[in-house]
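The lines below spell out each chain.
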Amino acid sequence: MIQVTYTYKNREFLQLEDNFMNQLAQLGVRQMHALLEPLSDSLVNENGKIRINLDQHPKIELEGFSNPVKDQIEMVLRGE
């Protein structure tokens, strides 16, 4: 199972408190799942977390994935 969460100021959110921001966050989660759909066969047996960091320097962190799958996800996120 793949979990997508957001972090801001060292706090992790599965759902944001503000309704508008929560809608944007859920749209981002759906887009992340759509981006990773071509890797669905590889992701079936994975139990990882994708953390989208919204701090001053936004970044995406991958946690709990095997190295080959992590490399594939990073290539997709880079657009390769």
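Next up on the list: the environment of Gln56. Tracing the chain through its elements places Gln56 in the loop between strand S3 (49-53) and strand S4 (59-63). On a C-alpha basis, the gap between Gln56 and Ser42 in space is 32 Å, while along the polypeptide they are 14 residues apart.

Attention now moves to the sheet that holds strand S1 (residues 3-8). The sheet built from 4 strands is open, its strands ordered S2-S1-S3-S4 with mixed pairing. Unpaired on one side and paired on the other, strand S2 (11-13) and S4 mark the two borders of the sheet. On average, each strand axis in the sheet is inclined to that of its neighbour by 30°, with strand direction left out of account. Here 5 bridges tie S3 to S4, and the two strands are oriented antiparallel to one another. By the bridge assignment, Asn53 is partnered in S4 with Lys59. Contacts from helix H1 (residues 19-35) reach S1, S3 and S4, with the element oriented near 135° to S1.

Another point: helix H3 (residues 67-78). The periodicity of an α-helix, 3.6 residues per turn, causes residues three or four places apart in sequence to face the same way. With 12 residues, H3 extends 16 Å from end C-alpha to end C-alpha; this agrees with the ideal 16 Å at 1.5 Å per step. One or two steps after H3, the chain reaches Gly79, where phi turns positive at roughly 85°.

Summarising the element assignment, His57 is placed in the loop between S3 and S4. Given a relative accessible area of 63%, His57 falls into the exposed group. Residues His57 and Arg30, spaced 27 residues apart in sequence, show a C-alpha to C-alpha distance of 22 Å.

Another point: the pairing of S1. With 5 bridges connecting them, S1 and S3 associate as parallel partners. Residue pairing in the sheet places Tyr6 in a bridge with Ile52 of S3. Sheet topology places S1 next to S2; 3 bridges connect them, and they run antiparallel. By the bridge assignment, Tyr6 is partnered in S2 with Phe13. Count of turn residues in the S1/S2 antiparallel hairpin: 2 residues, of which Lys9 carries a positive phi of about 50°.

Quick notes on the rules
- Residues numbered from 1 in each chain as written.
- Predicted model: local features only at pLDDT ≥ 70, side-chain atom pairs only at ≥ 80, totals over all residues.
- Heavy atoms only, no water.
- Helix = DSSP H or I, 4+ residues; strand = E, 2+ residues; numbered from the N terminus.
- Pairing = 2+ DSSP bridges.
- Axes fitted to C-alpha atoms, helices over the stretch in contact; angles between N-to-C directions.
- Contact = heavy atoms within 4.5 Å.
- Expected span 1.5 Å × (residues − 1).
- Buried < 20%, exposed > 50% of the residue type's maximum accessible area, 1.4 Å probe, protein only.

In short, the description is geometric, and any link to function would need to be established separately.
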